[in-house]
Amino acid sequence: MYGRLGGSGEDSLRVMLMAHADEVGLMITSLRPDGFLRFTRVGHPTQMVLPGQRVRVLSKTGALAGVVGVKPGHVLSGEAARLVPAIEELFIDVGAESGRQLEEWGIEAGTPVAFVGPLTATRHPQRYVGKGIDNRAGLVCLLESARALSASRPNCEVWCVVTVEEEIGLRGALVAAAKVRPDVVIAIDTVPAGGTPDLSPEQLPWRIGAGPLLKVRETSGLSTHGPLRELMRQAAEAEQIPYQMVVDTAGITDATAAQQASGEIAAMVLGLARRYSHSAVEMIDLRDVDSLIALVVATVHRLQNREQLLRY
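Since the model is a prediction, treat every value here as computed from it, not as a measurement.

A. Molecular detail of the overall build of the protein chain. Secondary structure assignment for the protein chain yields 6 helices and 16 strands. The C-alpha radius of gyration of the protein chain comes to 22 Å, within 12% of the 20 Å expected for a compact globule of 312 residues. Within the span of the protein chain, comprising 312 residues, buried residues form 48% of the whole. Across the protein chain, the fraction of contacts at a sequence separation of at least 24, relative to all contacts at a separation of at least 6, is 77%. Per element, the accessible surface of the protein chain, about 15,000 Å² overall, is 52% carbon and sulfur. Once the 31 positive and 35 negative side-chain charges of the protein chain are each reduced to a mean point, those two points are 2 Å apart.

B. Quick peek at the sheet that holds strand β10 (residues 127-130). Pairing is antiparallel in the open sheet, where 3 strands are placed in the order β9-β10-β16. Single-partner strands in this sheet number two, and they are β9 (120-121) and β16 (282-285). Direction of pairing for β9 relative to β10: antiparallel, over a ladder of 2 bridges. Within β10, the residue paired with Ala 121 across the bridge is Tyr 128. Against the sheet, helix α6 (residues 286-302) touches β10 and β16, its axis set at about 55° to β16.

C. Quick look at the pairing of strand β14 (residues 244-247). Every second residue of β14 is oriented toward a common face, the buried set being Gln 244 and Val 246 and the non-buried set Met 245 and Val 247. In this sheet, β14 lies alongside strand β13 (residues 213-217) in parallel orientation, the contact comprising 4 bridges. Paired with Lys 215 across the two strands is Val 246, which belongs to β14. With helix α4 (residues 226-238) bridging β13 and its parallel neighbour β14, the resulting β-α-β unit is right-handed.

D. Representation of the packing of aromatic side chains in the model. Applying the stated criterion across every chain yields a total of 2 aromatic pairs. For the pair Tyr 2 and Trp 159, a centre-to-centre distance of 6.4 Å together with 85° between the ring planes defines the contact as edge-to-face. Here Trp 159 lies in strand β11 (residues 157-163) and Tyr 2 lies in strand β1 (residues 2-5), a separation of 157 residues in the sequence. By relative accessible area, Tyr 2 is classed as partly exposed at 35%.

E. Representation of empty space enclosed by the protein. Counted under the stated rule, the structure contains 1 cavity of 30 Å³ or more. Considering only enclosed or pocket space, the largest cavity measures out at about 70 Å³ in volume. Around the largest cavity sit Glu 23, Val 24, Phe 115, Lys 131, Gly 132, Asp 134, Glu 167, His 278, Ser 279, Ala 280 and Glu 282, which together line it. Taken together, the residues of the lining of the largest cavity break down into 3 nonpolar, 3 polar and 5 charged.

F. Highlighting the pairing of strand β15 (residues 266-274). In terms of burial, β15 is a largely internal element, 9 of the 9 residues being buried. Every second residue of β15 is oriented toward a common face, with Ala 266, Met 268, Leu 270, Leu 272 and Arg 274 on one face and Ala 267, Val 269, Gly 271 and Ala 273 on the other, all of them buried. Pairing analysis gives 9 bridges linking strand β12 (residues 184-192) to β15, with the strands arranged parallel. Along β15, the bridge assignment pairs Asp 189 with Gly 271.

G. Broad picture of the packing of α4 against α6. Orientation of α4 relative to α6, taken along the N-to-C sense of each, is 120°, at an axis distance of 9 Å. Classified by the interaxial angle, the pair formed by α4 and α6 is oblique. In this structure, the crossing between α4 and α6 has a hand that is right-handed. Between α4 and α6, the residues in contact are Leu 231, Met 232, Ala 235, Ala 236 and Ala 238 and Leu 295, Ala 298, Thr 299 and Arg 302, respectively.

H. Local environment of the pattern of salt bridges. For the structure on display, the rule yields 17 salt bridges. Note that Arg 233 is salt-bridged to Glu 237, the shortest N-O span being 3.8 Å. Of this pair, Arg 233 and Glu 237 both sit in helix α4, separated by 4 residues, roughly a single helical turn. Given the relative accessible area of 31%, Arg 233 is considered partly exposed. The salt bridge involving Arg 302 is made with Glu 239; its shortest N-O contact spans 3.3 Å. Of this pair, Arg 302 sits in helix α6 while Glu 239 sits in the loop between α4 and β14, placing them 63 residues apart in sequence. On the basis of relative accessibility, which here comes to 27%, the residue Arg 302 falls in the partly exposed class. According to the relative accessible area criterion, Glu 239 is partly exposed, its value standing at 43%. It is possible to trace a salt-bridge network through shared partners that takes in Arg 4, Arg 14 and Glu 157.

I. Quick peek at the side chain of Asp 248. Along the polypeptide, Asp 248 turns up in the loop between β14 and α5 (254-259). Apart from residues lying up to four places away in sequence, Asp 248 is in contact with Val 191, Trp 206, Lys 215, Arg 217, Glu 218 and Thr 219.

J. The arrangement of the environment of Ile 92 in detail. For Ile 92, the location among the structural elements is in strand β7 (residues 92-93). When the C-alpha atoms of Ile 92 and Leu 31 are compared, they prove to be 9.8 Å apart, with 61 residues separating the residues in sequence. The residues touching Ile 92, leaving out its near neighbours within four places in the chain, are Leu 26, Ile 28, Phe 36, Leu 37, Phe 39, Val 55, Val 57, Val 67, Val 68 and Val 113.

Calculation rules
- Residues numbered from 1 in each chain as written.
- Predicted model: local features only at pLDDT ≥ 70, side-chain atom pairs only at ≥ 80, totals over all residues.
- Heavy atoms only, no water.
- Helix = DSSP H or I, 4+ residues; strand = E, 2+ residues; numbered from the N terminus.
- Rg over C-alpha atoms; globule rule 2.2 N^0.38 Å.
- Buried < 20%, exposed > 50% of the residue type's maximum accessible area, 1.4 Å probe, protein only.
- Contact = heavy atoms within 4.5 Å.
- Areas by Shrake-Rupley, 256 points an atom, 1.4 Å probe, with all protein chains shown as cover.
- Lys, Arg positive; Asp, Glu negative; His and termini not counted.
- Charge placed at Lys NZ, Arg CZ, Asp CG, Glu CD.
- Pairing = 2+ DSSP bridges.
- Axes fitted to C-alpha atoms, helices over the stretch in contact; angles between N-to-C directions.
- Right-handed = clockwise from strand over helix to strand, strands pointing away.
- Phe/Tyr/Trp six-rings, centres within 6.5 Å; stacked < 30°, edge-to-face > 60°.
- 1 Å grid on protein atoms, 1.4 Å probe; cavity = no way out; pocket = protein on both sides within 12 Å on 5 of 7 lines; lining within 4 Å.
- Points joined across faces, edges and corners; volume = space filled by probe spheres on them.
- Nonpolar A, V, L, I, M, F, W, Y, C, P; charged D, E, K, R; others polar.
- Parallel < 35°, antiparallel > 145°, perpendicular 65-115°, else oblique.
- Left-handed = near helix turned anticlockwise from the far one by under 90°.
- Salt bridge = Lys/Arg side-chain N within 4 Å of Asp/Glu carboxyl O.

Given below as C-alpha cells:
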C-alpha cells in the first residue's frame, strides 16, 4: 500500500517511510485422516511456546478456533516433560472428527494460521500485551506520522509504504524501493528488548519505555547511513525526545533490502522496543510509540537537500 505527500519543489528529496504488515504465524502442510492438522512455521515464531497455544485457522469458510496439541501433563514425566517437541511432531486440533470434515470446513495445504492474543492493557497505563505487536505498533507509527505530515506539509516528497513478507525474507521492501526510488528510507519496526530477568544487560541493552531505537547496525544487514542517523539524533535532542542508540544483536529489517535496491539510498531504522519477541504475546510501551512518531515528523521536516546526506 502506497501513499504520497507531495514535495514543494521539482528537486525535492524523496523520503520513503515504511512498516511491514505481515506477522509470524503458521501454515497447514497436511490434513490427517483422523481430523488433525500438521503445520510448519511462517517466519520464526518461537518454537518453545507453541504446544498448547490457541490459534485461528483461516480457512476458506472462515476463521476456525483451534489449539496446538500437547500431551497431557499426567503422562509427561522426567526428561520428556522438559523437551520442546519438533515441529514435525506437533499438530493442530480444530475439533474435527475426520480429514473429510477438515476439507468440508475449507482447510487445505497452505491454509494460514494465526495466533490468538487480543491487545490487552496491563495495570501500567502505558504498557500493553498482544499478538502481532511486531509490527502492528510500527504501522500505527507510520499512519500517525502520515497524518501529522499531511497537516504540516514538509518540503520533501514523502511516500508512506506498507510492506509485506518482511518476516520471510524482506521481500516487499525491495519491490517498494524499486517502485518509489527514494533518496531516503526510514524503516519503522519493532526490536527485541532486554530488561527482563532471563536476559543479561549485555545481550539486549535497550528497554521498553526508554524511547525509540536509533539503529547503528543490524545483525546481518545494513550499517545505517551516518549523516541521516546524526540528523535524526540532532532532531531528537532539539525536540527533547528520548532515544536509545542500538547496535542490534538480534535482528534485521526491511531497511536492509530497501537500501540494496540501488546504490543511492540513505537508509535508517527506527525501532520500537518490545518484550517476548516472536512469541504469541508481546509487550510494548505506548510512550515509545508517541516518541517515535514525534521523531519521524521532526526528522522529515529537517530533510531539506541532498547535501545533508553527503558523507564528507
